[in-house]
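Each chain, letter by letter, is given below.
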Amino acid sequence: MNRPSGFSLVEMLVAISIFSMLLSLLMLGYSQGLSLWQRGQDRSETWLSLEHRHQLLRTLFFGARFADYRGRGWRTYPYFIANQEGIEFMTRSPLLDFSGRVKPVRVLIERDDNDQAKFRYQEGRRHSDQGRGIYWDSGRSLLFIEEMRNAGFRYLAPAFPLPPDLYSAELSDEDRLRYRDEPEWLSWYDTAILWRAPLAVELSFRDEEGARHIWSFQVPGQADAWSLRGKIKGYD
Amino acid sequence: MTNQSHGGFALPLVLIVLALLTVLSMGLSRLVSMDMDFLRERISVWEYELEISNATESIVFVLLTGEYGYQSVGNGKVELPLNGRPAEINGQRVRIQSWSGLYSMALLGVNRLEGVLGELTNSQRARQISAELADWVDEDDRRRFRGRERADYANEGLRQRPRNAPIRGVDELLELPSVSVRLMNGSDGKPGLADLILAGGEDNFDVGTAPDMLIGPVLGLPEPITRELIAARSDGQWSKVLFLIDQNHWSFNHHPPFYKGQKYRMDFQSDRGVTARVEIELKPYATRRLYHLIEWQVPYREYE
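Structural notes, computed from the coordinates.

Cut-offs applied
- Residues numbered from 1 in each chain as written.
- Chains lettered and ligands numbered in written order.
- Predicted model: local features only at pLDDT ≥ 70, side-chain atom pairs only at ≥ 80, totals over all residues.
- Helix = DSSP H or I, 4+ residues; strand = E, 2+ residues; numbered from the N terminus.
- Buried ≥ 20, exposed ≤ 12 C-beta atoms within 10 Å, placed from the backbone.
- Contact = placed C-beta atoms within 7 Å.
- Expected span 1.5 Å × (residues − 1).
- Nonpolar A, V, L, I, M, F, W, Y, C, P; charged D, E, K, R; others polar.
- Axes fitted to C-alpha atoms, helices over the stretch in contact; angles between N-to-C directions.
- Parallel < 35°, antiparallel > 145°, perpendicular 65-115°, else oblique.
- Left-handed = near helix turned anticlockwise from the far one by under 90°.
- Pairing = 2+ DSSP bridges.

Describing the overall build of chain A
Next, step 1: Helices and strands together make up the secondary structure of chain A, namely 3 helices and 11 strands.
Next, step 2: Ordering the α and β elements of chain A from the N terminus gives α-β-β-β-β-β-β-β-α-β-β-α-β-β.
Next, step 3: A burial count over chain A gives 26% of its 236 residues as buried.
Next, step 4: Long-range contacts, defined as pairs at least 24 residues apart, comprise 57% of the intrachain contacts of chain A with a sequence gap of at least 6.

In structure tokens:
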């Protein structure tokens with residue numbers, strides 16, 4: 001009895017269904033792989049872009065200048081005004097101007113209602129400072145980080161023990177904020193009150209992927225400035 | 001068996017797919033390579049910062065524990081010159097300069113600056129810069145010969161205005177119209193204003209570590225005595241140096257003429273020149289940190 005050559009319909013159907021299953025598994029794996037690769041690529045791009053910005057901010061803070069500028073009344077003090085939403089200070093390393101040109105700069109967190117935040121950087125005009133007046137240059141501004149969440153700054157205030165000839169009870173509420181035996185993290189900073197520059201600045205936020213970042217910047221608390229340090233009692 | 005020619009499209013299709021895959025892989029590898037370049041650059045910056053940080057710590061250790069000579073400090077194992085001469089520590093080439101050997105504007109004011117400027121530029125320009133700076137820091141509006149006051153800046157359409165108070169830092173010298181970036185950075189092997197002048201500085205002047213070009217102008221000595229003093233200093237005849245200083249009765253804030261102070265500049269160097277500048281203040285009696293950073297420029301960025 002001659003058996004006909006070729007495949008039966010059932011064999012073909014089985015083969016096609018196995019092939020389809022394999023193909024769909026392959027496509028699923030391929031699509032998952034592609035999506036993972038894309039996520040990895042996005043993540044890496046986000047990380048690299050944030051890392052680049054981190055380096056720029058480090059340069060900005062390392063270049064901070066803390067000369068004693070004339071301030072309120074007769075008092076002079078360094079210029080560093082900050083809260084959780086932003087910072088204003090002087091630096092010799094502005095990002096949008098030549099190196100070595102001391103300028104006021106500010107970094108601001110702009111929030112919307114959903115706690116989404118943007119990080120904006122702005123420079124003041126050349127030749128402006130606390131002593132001669134600060135003028136912000138609206139043209140010299142850039143959006144530094146576009147998508148952030150839970151963003152905030154905090155500042156490490158240095159130890160400033162109460163001088164022995166001062167009594168805490170005799171100080172005003174504002175003056176009392178100045179003195180502390182140990183360094184302390186604060187959510188605000190105003191050198192008009194605290195007199196001394198912070199030891200460090202910390203920025204924490206979540207990026208668009210939800211990853212948490214904590215950036216710490218060391219601030220050189222003193223600079224070569226014609227300073228009143230050592231010339232006013234209790235200033236050092 | 002017969003030869004059959006297959007006129008199908010499998011081969012061109014495979015070639016097209018291969019070409020597409022090649023283009024795709026080249027694009028991907030280019031993307032990855034750009035990211036890798038950035039990462040490599042970051043890693044090399046971090047490594048360099050770490051090396052500078054380690055070298056700084058080693059120098060601080062010697063500065064805190066070593067025995068000070070007229071021009072150097074050493075702890076038996078390492079000898080570090082403090083007068084800007086090259087040394088090597090942790091494999092890094094470095095020039096350490098005591099701040100006491102530099103020109104402090106707070107200590108010496110503007111008056112002696114003309115002599116220093118005369119070493120860096122021609123005498124006419126030196127006089128002009130000196131007059132501009134004197135008008136910049138004094139409180140009055142009376143213009144000196146060659147100087148500039150508020151009205152002059154306004155008339156010339158310049159944006160800067162005199163501070164009428166001590167300058168806040170050496171960077172501010174760039175606001176004077178006669179001070180160029182070249183003069184600030186130095187050129188042709190000469191140091192710049194940024195290398196010699198400090199706004200605050202130390203409250204003494206160290207004759208041991210000062211650069212030659214500062215000795216005459218700062219001590220206000222006549223040229224022959226200056227030459228004699230510099231020659232005695234380079235020959236290590238310290239009793240003669242002391243004698244010459246005593247003869248001219250120079251002292252600042254009652255410090256002895258070889259007092260080193262607590263502040264130091266370290267210029268790390270490679271064949272390309274200064275690659276990092278670190279300035280520190282020693283705090284030998286502090287309970288927390290034994291030194292504070294005053295300047296951390298790693299890598300070093302010149303004035304532009």
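From this point on, the discussion continues.
What about helix α1 (residues 9-62) of chain A?
Residues and elements named next belong to chain A.
Next, step 1: Compared with the 80 Å implied by 1.5 Å per residue over 54 residues, the 78 Å span of α1 between its first and last C-alpha is a close match.
Next, step 2: The element α1 is largely exposed, with a buried count of 3 among its 54 residues.
Next, step 3: Turning to α1, its buried residues number three or more, namely Thr59, Leu60 and Phe61.
Next, step 4: Each element contacted by the buried residues of α1 is listed here: β4 (86-91), β5 (103-111), β10 (200-206) and β11 (212-218).

A short note on the interface of chain A and chain B
Next, step 1: Counting residues at the interface gives 26 residues for chain A, matched by 33 residues for chain B.
Next, step 2: Elements with a contribution of two residues or more to the side of chain A that touches chain B: α1 and β1 (69-70) of chain A.
Next, step 3: Here the side of chain A that touches chain B gets 4 residues from one element, more than from any other, and that element is α1(A).
Next, step 4: Among the residues forming the side of chain A that touches chain B, the class breakdown is 10 nonpolar, 8 polar and 8 charged.

What about the packing of helix α9 (residues 223-234) of chain B against helix α10 (residues 238-248) of chain B?
Residues and elements named next belong to chain B.
Next, step 1: Running from N to C, α9 and α10 point in directions that differ by 155 degrees, and their axes come no closer than 8 Å. Relative to α10, the element α9 is oriented roughly antiparallel. Remark: the crossing between α9 and α10 carries left-handed chirality. Here Ile225, Glu228, Leu229, Ala232 and Arg233 of α9 lie close against α10, whose contacting residues are Lys240, Val241 and Leu244.
Next, step 2: Along the lines of polarity and charge, the residues of the contact of α9 with α10 split into 5 nonpolar, no polar and 3 charged.

A few points about the environment of B:Ile129
Residues and elements named next belong to chain B.
Next, step 1: Tracing the chain through its elements places Ile129 in helix α4 (residues 123-137).
Next, step 2: A tally of 26 C-beta atoms within 10 Å means that Ile129 is categorised as buried.
Next, step 3: Those residues within four positions of Ile129 in sequence are excluded, and the remaining contacts are Leu117, Leu176, Ser178 and Val179.

A look at the sheet that holds strand β3 (residues 79-81) of chain B
All names here are of chain B.
Next, step 1: Strands sit in the order β1-β2-β3 across an open sheet of 3 strands; the sheet is antiparallel. Among the strands making up the open sheet, the edge pair consists of β1 (67-68) and β3.
Next, step 2: Direction of pairing for β1 relative to strand β2 (residues 72-74): antiparallel, over a ladder of 2 bridges. Pairing of Tyr68 across the sheet is with Val73, part of β2.

Overview of the sheet that holds strand β5 (residues 92-98) of chain B
Sheet strands associate in pairs through backbone hydrogen bonding, adopting either a parallel or an antiparallel arrangement.
All names here are of chain B.
Next, step 1: With antiparallel pairing, the 5 strands of this open sheet are ordered in space as β4-β5-β8-β9-β10. What marks the edges here is a single partner per strand, and that holds for β4 (83-89) and β10 (291-297). Within this sheet the neighbouring strands show an average axis-to-axis angle of 25 degrees, counted without direction.
Next, step 2: Pairing analysis gives 6 bridges linking β5 to strand β8 (residues 263-270), with the strands arranged antiparallel. If you follow Gln97 over to β8, its bridge partner there is Arg265.
Next, step 3: Against the sheet, helix α1 (residues 10-65) engages β4, β5, β8, β9 (273-282) and β10, with an angle of about 45 degrees to β9.

Observations concerning α4(B)
Next, step 1: Look at α4(B): 21 Å from first C-alpha to last across 15 residues, which is about the 21 Å you get at 1.5 Å a residue.
Next, step 2: In the core, the buried residues of α4(B) are packed alongside α3 (113-120) of chain B.

Points about unusual backbone geometry
Next, step 1: In the segment running from B:Val298 into B:Pro299, the intervening peptide bond is cis, with an omega of 0 degrees.
Next, step 2: Here B:Pro299 lies in the segment after β10.
Next, step 3: In this model, A:Trp195 sits at a positive phi of 70 degrees, which is unusual for a non-glycine residue.
Next, step 4: Examined against the element boundaries, A:Trp195 turns out to sit in the loop between α3 (191-194) and β10.
Next, step 5: Phi at B:Asp188 takes a positive value of approximately 50 degrees, unusual for a residue other than glycine.

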